[in-house]
Amino acid sequence: MLRSHILPGGQTHLADRTNHFNFGLKTQEFAVPRGVDPSRFLKSCNNEEGVCIEMNHGTTTLAFKFRHGVIVAVDSRASAGQYLASNAVNKVIEINPYLLGTMSGSAADCQYWERLLAKECRLYRLRNNQRISVSAASKLLCNMMLGYRGMGLSVGSMICGWDKEGPGLYYVDDNGTRLSGRMFSTGCGNSYAYGVIDSGYKEDMTVEEAYELGKRGITHATHRDAYSGGVVNMYHMREDGWIKVCQEDVSELIHRYKKGMFN
Amino acid sequence: MSEATCLQSILNLQSVWSNQDNQVTSHFSHDLFSTHSGDLSTPSLPSVSSQPVPLPFPLSHGTTTLAFIFQGGVLAAADTRSSCSGLVACPAAQKILPIHSHLVGTTSGTSADCALWKRILARELRLYQLRHGRRLSTRGAAKLLSHMLHPFKGTELCVASGFGPCLFYVCSDGTRLQGTLFSVGSGSPYAYSILDQGVEWGLTVEEATAIGREAVYRATHRDAYSGNCVDVYHVSSKGWTRRSREDLKEEYYREKEQREKDKSRSTTGSE
């Protein structure tokens, strides 16, 4: 099947320049003018003295594979430095009924690039008459990130889905890291979540136990991390697609889980 | 004097020494601990403002230590890895140091500083006991340590300690907090969530030990700067007791075996 190059009017086909690469994408999303070097500017902003722009992923998201699919759990807090912008953000993007993407890092970057990924997945489906695999979808996102590597993107995302190979879970980073694994947690609350899900994880968990583990992980992370909070949004990726399991407030959950705290 | 110069060389500080041969006054000259004037029993920097020298590298606490209070007393647990940026300098360090029979301190930060300050604290407490005929309370011991560290504020000397049967967190930046649950070090976030789940007042000693061990184990699993073995100390009204040091490698392999067994059991079950 022919893939037609439909280039929007005015945008030239880009050749690789010294520090601007496009890894297989037909057009580059943001044309950077010649002579401008965003990565050098960003390096100057990361010195210890002077202006320091800290890119922290202020959130907690986690996902793990088990026998009955993939559990994805995220918090819902958006912070801008010390200011809490919102406690009701949706950090999971539903790409298609068989693919989910989580967001951590810069909210603008994540929302934009994951919607772009959703568009590319839809185009793939239309052109090739079959759904895109999780591996390919994560690779698309990874290549988008690599095209702007060092220029200040801040994205820590997990692509979860179920395709012909079975349940799939990939971690994709703004550095271009792309890892397949059984269990990931991203964001600045990730260490708290890791402790909980590491100790409670069993390969042959029942579905209820897995839901409970996902909720606990996010709840304990929001308890200790200032930049995570709000509600737990949990999804379960099954063979016939994902379902949204629950949306529960962490302040109620912590009362249930932390036995000795509120006596 | 030797202690002061030793500290200086560790911290690479510049200071202005006056040329006169004046006494380096002990910082306790105004409270009840000093009957010794003029002898250099505690290291202290001259109070002249010296230029703060930037540290050669950012210091961080590469460790996992934790302590919590429950009905049976205080439980303290720590890993035993002593690291020097990327190198594991000592896989069998001791991070929980008993100060006297009823007082135990956990340490985090630079091991040289911690060892030194613990010994100084032990000596000061013993002197107090001899002079006043009774032991200093844990609250008082925490305050003493905090004041001893005060001259070194801003030099990133770090000691965090749990005292039993009360629990205090003391840090060289001036923090002194009383609490029921603390965890310090680079592995502390991993430990905190496990402790949050399981710690409550009514635990038995075995349950408390299990939770402490599990928390350190999970932290060592995820944190590169914590590892090797785990030490568990339990402080009660009769004094402290120490559990034999356990190598976490065994625990890791045991859990791996268990997972393999579960996996094979589940696959055979489904067929």
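Residues numbered from 1 in each chain as written. Chains lettered and ligands numbered in written order. Predicted model: local features only at pLDDT ≥ 70, side-chain atom pairs only at ≥ 80, totals over all residues. Heavy atoms only, no water.

Description of the overall build of chain A
We apply this condition: Numbering of helices and strands starts at the N terminus; helices are DSSP runs of H or I of at least 4 residues and strands are runs of E of at least 2. Accessibility here uses a 1.4 Å probe with only protein chains present; expressed as a share of the type maximum, an area under 20% marks a residue as buried, one over 50% as exposed, and anything in between as partly exposed. In what follows, residue pairs with any heavy atoms lying within 4.5 Å of each other are defined as contacts. In short, Shrake-Rupley with a 1.4 Å probe defines the accessible areas, and a residue's cover is counted only from the protein chains shown.
Along the backbone of chain A there are six helices and twelve strands. Considering chain A as a whole, with its 263 residues, one finds that 49% of them fall into the buried category. Partitioning the intrachain contacts of chain A with sequence separation of at least 6 by distance along the chain shows that 61% fall at a separation of at least 24. Of the roughly 13000 Å² that chain A leaves accessible, carbon and sulfur atoms contribute 50%.

Regarding the nonpolar core
Selection criterion: Definition of nonpolar core: a set of buried residues of the types Ala, Val, Leu, Ile, Met, Phe, Trp, Tyr and Cys, connected through side-chain atoms within 4.5 Å.
Among the nonpolar cores identified, the biggest contains 74 residues, and A:Phe64, A:Val72, B:Leu66, B:Phe68 and B:Leu195 are the most heavily contacted of them. When near neighbours in sequence (up to four residues on either side) are disregarded, B:Phe68 contacts B:Gly73, B:Val74, B:Leu75, B:Leu167, B:Thr180, B:Leu181, B:Leu195, B:Val199, B:Leu203, B:Ala208 and B:Gly212. Formed by 24 residues, the second largest nonpolar core is a distinct cluster that contains A:Met103, A:Leu141, A:Met151 and A:Tyr170.

Considering the UniProt feature "active site" (unreviewed entry) in chain A
Residue and element names in this part refer to chain A. The condition that has to hold: UniProt positions are given in the numbering used here, feature names are shortened, and annotations may be inferred rather than shown by experiment. Between N or O atoms, a polar contact is any pair within 3.5 Å; within protein, one atom must be a potential hydrogen donor and the other a potential acceptor, and residues adjacent in sequence are included only when both atoms are from side chains.
Within the UniProt annotation, "active site" (unreviewed entry) is assigned to Thr59. Along the chain, the position of threonine 59 falls in the loop between helix H1 (38-44) and strand S1 (61-66). Residue threonine 59 is classed as buried on the basis of its relative accessible area of 2%. Residues in contact with threonine 59, not counting those within four places in the same chain, are Asp75, Lys91, Met103, Ser104, Thr186, Gly187, Cys188, Gly189, Asp225, Tyr227 and Ser228. Polar side-chain contacts of threonine 59 include one of 2.6 Å to the side chain of aspartate 75.

Topic: the UniProt feature "active site" (unreviewed entry) in chain B
All names here are of chain B. UniProt records the feature "active site" (unreviewed entry) for Thr63 in the present numbering. Assignment of secondary structure puts threonine 63 in the loop between helix H1 (2-11) and strand S1 (65-70). Given the relative accessible area of 3%, threonine 63 is considered buried. If sequence neighbours within four positions are ignored, threonine 63 has contacts with Asp79, Lys95, Thr107, Ser108, Val184, Gly185, Ser186, Gly187, Asp223, Tyr225 and Ser226.

Observations regarding the sheet that holds strand S11 (residues 231-238) of chain A
Residues and elements named next belong to chain A. Where we set the bar: A pair of strands is considered paired only if DSSP assigns at least 2 bridges between the two. Helix axes are fitted only over the stretch in contact, all axes being lines through C-alpha atoms; the angle between N-to-C directions runs from 0 to 180 degrees.
The sheet built from five strands is open, its strands ordered S10-S1-S2-S11-S12 with antiparallel pairing. Edge positions in the open sheet fall to strand S10 (183-186) and strand S12 (241-249), since each of these has one partner strand only. Each strand of the sheet is rotated relative to its neighbour by a mean of 10 degrees, with strand direction disregarded. Relative to S12, S11 runs antiparallel, the two sharing eight bridges. Opposite asparagine 233, over in S12, you have glutamine 247 as the bridge partner. Of the strands in this sheet, S1 and S10 touch helix H4 (residues 190-200), which is tilted by about 155 degrees from S10.

Quick notes on the interface of chain B and chain A
Stated formally: Accessible area that two parts lose when put together, with a 1.4 Å probe and added across both, is what the buried area reports. When a carboxyl oxygen of Asp or Glu lies within 4 Å of a side-chain nitrogen of Lys or Arg, that pair is called a salt bridge. Ten residue types, Ala, Val, Leu, Ile, Met, Phe, Trp, Tyr, Cys and Pro, are classed as nonpolar, four, Asp, Glu, Lys and Arg, as charged, and the remainder, Gly among them, as polar.
At the interface, 18 residues of chain B touch 20 residues of chain A. Between chain B and chain A the total buried area reaches about 1800 Å² when both faces are included, carbon and sulfur atoms providing 52% of it. Taken together, chain B and chain A are joined by two salt bridges. Between B:Asp196 and A:Arg224 there is a salt bridge, and its shortest N-O distance comes to 3.0 Å. Broken down by element, the residue count for the side of chain B that touches chain A peaks at seven residues, all from helix H4 (residues 188-198) of chain B. Looking at side-chain class alone, the side of chain B that touches chain A contains six nonpolar, four polar and eight charged residues.

Some thoughts on the packing of H4(A) against helix H5 (residues 205-222) of chain B
How we decide: Small angles under 35 degrees read as roughly parallel and large ones over 145 as roughly antiparallel, with 65 to 115 read as roughly perpendicular and the rest as oblique.
Where H4(A) contacts H5(B), the axes come no closer than 10 Å and their chain directions differ by 110 degrees. Looking at the two axes, H4(A) sits roughly perpendicular to H5(B). Only B:Glu214, B:Arg218, B:His221 and B:Arg222 of H5(B) make contact with H4(A), whose side of the interface consists of A:Tyr194, A:Gly195, A:Asp198 and A:Ser199.

So, the pattern of salt bridges
All told, the structure shown has eleven salt bridges over all chains when counted by the stated rule. Residue B:Arg123 pairs with B:Glu124 through a salt bridge whose shortest N-O separation is 3.6 Å. B:Arg123 gets classed as partly exposed once you look at its relative accessible area, which sits at 33%. The exposure class of B:Glu124 is buried, given its relative accessible area of 2%. Three or more residues joined by partner-sharing salt bridges are found here, namely A:Lys215, A:Glu248 and A:Arg256.

Describing unusual backbone geometry
Residue and element names in this part refer to chain A. We note that asparagine 129 has phi near 60 degrees; this positive angle belongs to a residue other than glycine. Along the chain, asparagine 129 falls in the loop between helix H2 (107-128) and helix H3 (134-147). When its relative accessible area of 65% is taken as the criterion, asparagine 129 is described as exposed.

What to know about the pairing of S1(B)
Residues and elements named next belong to chain B. With respect to burial, S1 is a largely interior element, six of its six residues being buried. Remark: two residues form the turn of the hairpin made by S1 and strand S2 (residues 73-79), two consecutive strands paired antiparallel. Bridge analysis of S1 against strand S9 (residues 181-184) gives four bridges, and the strand direction is antiparallel. Note on S9: the bridge partner recorded for phenylalanine 68 is leucine 181.

With respect to the confidence of the model for chain A
Caution applies to low-pLDDT regions: their predicted coordinates should not be interpreted in detail. Quick note on the threshold: The predictor's confidence in any single residue is recorded as pLDDT, a number from 0 to 100.
For chain A, the mean per-residue pLDDT works out to 83, and 82% of the residues sit at or above 70. This stretch, residues 1-14 of chain A, has a pLDDT under 50; its non-local contacts, to residues over four places away or in other chains, come to 17 contacts.

Some remarks on helix H3 (residues 138-149) of chain B
All names here are of chain B. Filter applied, for reference: What a helix should span is 1.5 Å times the count of its residues minus one.
The first and last C-alpha atoms of H3 sit 17 Å apart over twelve residues, in line with the 16 Å expected at 1.5 Å per residue. Taken as a whole, H3 has its buried residues at Thr138, Ala141, Ala142, Leu144, Leu145, Ser146, Met148 and Leu149. Its buried side turned inward, H3 meets strand S6 (103-106), helix H2 (111-132), strand S7 (168-170) and strand S8 (176-178).

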